[in-house]
Amino acid sequence: SQTIHQWPATLVQPVGSPLSLECTVEGTSNPNLYWYRQAAGRGLQLLFYSVGIGQISSEVPQNLSASRPQDRQFILSSKKLLLSDSGFYLCAMESGNDPNTQYFGPGTRLTVL
Amino acid sequence: AQTVTQSQPEMSVQEAETVTLSCTYDTSESDYYLFWYKQPPSRQMILVIRQEAYKQQNATENRFSVNFQKAAKSFSLKISDSQLGDAAMYFCAYRTPTTGTASKLTFGTGTRLQVTL
């Protein structure tokens, strides 16, 4: 079965520090991968998506970047965090088994102080 | 652009009763998918039910069913025999079919469901 892992589960970082959030998937190959952010009490905002290794599409210009170094690994990064980067970050995938449905990982709660 | 509207910010239901959450959407496409996701306090997004627009039959998953009205662009979720574990934020979402590249989900703003004893 397909599984999505996100690391870390919770993170508290000072303003101006770097960020690296990791998403890995199991049980499938060549998935489409997505990063979403959810601010407190708000809906989901699509940040980046990837259809393959090294292929990244950005939805919202901001302080963040994404990379896909391996087929089943998707990384969200920042060189210098802002207070406004606080939120809940969700990774999602869809694969050939069920190409029209996105399944979500457990998420990472990021607090920037 | 496609939009998804959930007009009920909060709903409440008694345990064992039935509740219906509303969702409307706007699109010019004829083929698309609609979803309801549940977000409990853990905040993980969990797929509840899915409906393909080309299917006239309403989707059903155990106690969860939808009323899909394509002409009216309406997609409501009915929860029967409500349980305490159903308390969560519910999001309606829309997407066009994948055509070799990624296709984006458009989410509504959510409905918070409370379940009371």
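The rules behind these values
Residues numbered from 1 in each chain as written. Chains lettered and ligands numbered in written order. Predicted model: local features only at pLDDT ≥ 70, side-chain atom pairs only at ≥ 80, totals over all residues. Heavy atoms only, no water. Helix = DSSP H or I, 4+ residues; strand = E, 2+ residues; numbered from the N terminus. Contact = heavy atoms within 4.5 Å. Areas by Shrake-Rupley, 256 points an atom, 1.4 Å probe, with all protein chains shown as cover. Lys, Arg positive; Asp, Glu negative; His and termini not counted. Charge placed at Lys NZ, Arg CZ, Asp CG, Glu CD. Buried area = accessible area lost by both parts, 1.4 Å probe. Salt bridge = Lys/Arg side-chain N within 4 Å of Asp/Glu carboxyl O. Polar contact = N/O pair within 3.5 Å; in protein donor to acceptor, adjacent residues only side chain to side chain. Nonpolar A, V, L, I, M, F, W, Y, C, P; charged D, E, K, R; others polar. Pairing = 2+ DSSP bridges. Axes fitted to C-alpha atoms, helices over the stretch in contact; angles between N-to-C directions. Core = buried A, V, L, I, M, F, W, Y, C linked by side-chain atoms within 4.5 Å. Buried < 20%, exposed > 50% of the residue type's maximum accessible area, 1.4 Å probe, protein only. Disulfide = S-S within 2.5 Å.

1. Some words on the overall build of chain B
Here is step 1 of the chain: Scanning chain B for helices and strands turns up 0 helices and 12 strands.
Here is step 2 of the chain: Written out in order from the N terminus, the α and β elements of chain B read β-β-β-β-β-β-β-β-β-β-β-β.
Here is step 3 of the chain: Based on the C-alpha atoms only, the size of chain B along its principal axes is roughly 45 × 30 × 25 Å.
Here is step 4 of the chain: Taking as baseline every contact in chain B between residues at least 6 positions apart, the subset at least 24 positions apart corresponds to 55%.
Here is step 5 of the chain: Just so you have it, chain B exposes about 5800 Å², and 45% of that area is on carbon and sulfur atoms.
Here is step 6 of the chain: Distance from the positive charge centre (11 side chains) to the negative charge centre (10 side chains) of chain B: 6 Å.

2. Topic: the interface of chain B and chain A
Here is step 1 of the chain: On the side of chain A, 25 residues touch chain B, which itself brings 21 residues to the contact.
Here is step 2 of the chain: For the pair chain B and chain A, the summed buried surface comes to about 1900 Å²; carbon and sulfur atoms form 51% of the total.
Here is step 3 of the chain: The largest contributions to the chain B side of the interface with chain A come from Arg43(B), Ala102(B) and Lys104(B), which together make up 31% of the buried area.
Here is step 4 of the chain: For the pair chain B and chain A, the interface holds 3 salt bridges.
Here is step 5 of the chain: In this structure, the salt-bridge partner of Arg95(B) is Glu94(A), at a minimum N-O distance of 2.5 Å.
Here is step 6 of the chain: Counting across the chain B and chain A interface gives 9 residue pairs in polar contact (both at pLDDT 80 or more).
Here is step 7 of the chain: For the side of chain B that touches chain A, the element with the most residues is strand 5 (residues 33-39) of chain B, which contributes 4 residues.
Here is step 8 of the chain: Broken down by class, the residue content of the side of chain B that touches chain A amounts to 10 nonpolar, 7 polar and 4 charged.

3. Structural notes on the sheet that holds strand 7 (residues 65-70) of chain A
All names here are of chain A.
Here is step 1 of the chain: The antiparallel open sheet is built from 4 strands, whose spatial order is 1-3-8-7. Edge positions in the sheet fall to strand 1 (3-7) and strand 7, since each of these pairs with one other strand and no more. Here the strands of the sheet are splayed against their neighbours by 20 degrees on average, with no regard to which way each runs.
Here is step 2 of the chain: Bridge analysis of strand 1 against strand 3 (residues 19-26) gives 5 bridges, and the strand direction is antiparallel. Note that in strand 3 the partner of Thr-3 across the bridge is Glu-26.

4. Observations regarding the side chain of Ser78(A)
Residues and elements named next belong to chain A.
Here is step 1 of the chain: If you trace the backbone, Ser-78 turns up in strand 8 (residues 73-78).
Here is step 2 of the chain: Within the structure, the side chain of Ser-78 is placed 3.3 Å from the backbone nitrogen of Lys-80, a separation counted as a polar contact.
Here is step 3 of the chain: Every residue in contact with Ser-78, bar those within four places of it in the chain, is listed here: Pro-18, Leu-19, Asn-63 and Leu-64.

5. Some remarks on the nonpolar core
Here is step 1 of the chain: With 25 residues, the main nonpolar core has Tyr25(B), Trp36(B), Phe75(B), Leu77(B) and Tyr90(B) as its most contacted residues.
Here is step 2 of the chain: Elements with a contribution of two residues or more to this core: strand 3 (19-21), strand 5, strand 6 (46-52), strand 8 (64-69), strand 9 (74-79), strand 10 (88-95) and strand 12 (111-116) of chain B.
Here is step 3 of the chain: Element by element, the count of residues in this core is highest for strand 10 of chain B, at 4 residues.
Here is step 4 of the chain: What Tyr25(B) contacts, discounting residues up to four positions off in sequence, is Thr3(B), Val4(B), Tyr32(B), Leu34(B), Phe68(B), Gln69(B), Lys70(B), Lys73(B), Ser74(B), Phe75(B) and Tyr94(B).
Here is step 5 of the chain: Residues Ile4(A), Leu64(A), Phe74(A) and Leu76(A) belong to the second largest nonpolar core, which totals 20 residues.

6. Re the state of the cysteines
Here is step 1 of the chain: Evaluation of the coordinates by the stated rule reveals 2 disulfides over all chains.
Here is step 2 of the chain: The disulfide partner of Cys23(A) is Cys91(A), and the gap between their sulfur atoms is 2.0 Å. Every disulfide takes its handedness from the sign of the S-S torsion; for Cys23(A) and Cys91(A) that torsion is -65 degrees, giving left-handed. Of this pair, Cys23(A) sits in strand 3 while Cys91(A) is found in strand 9 (residues 87-95), placing the two residues 68 residues apart along the sequence.
Here is step 3 of the chain: Paired by a disulfide, Cys23(B) and Cys92(B) hold their sulfur atoms 2.0 Å apart. Since a negative S-S torsion denotes a left-handed disulfide, the Cys23(B)-Cys92(B) link at about -70 degrees is left-handed. Taken together, the residues span a long stretch of sequence, with Cys23(B) in the loop between strand 3 and strand 4 (24-26) and Cys92(B) in strand 10 at a distance of 69 residues.

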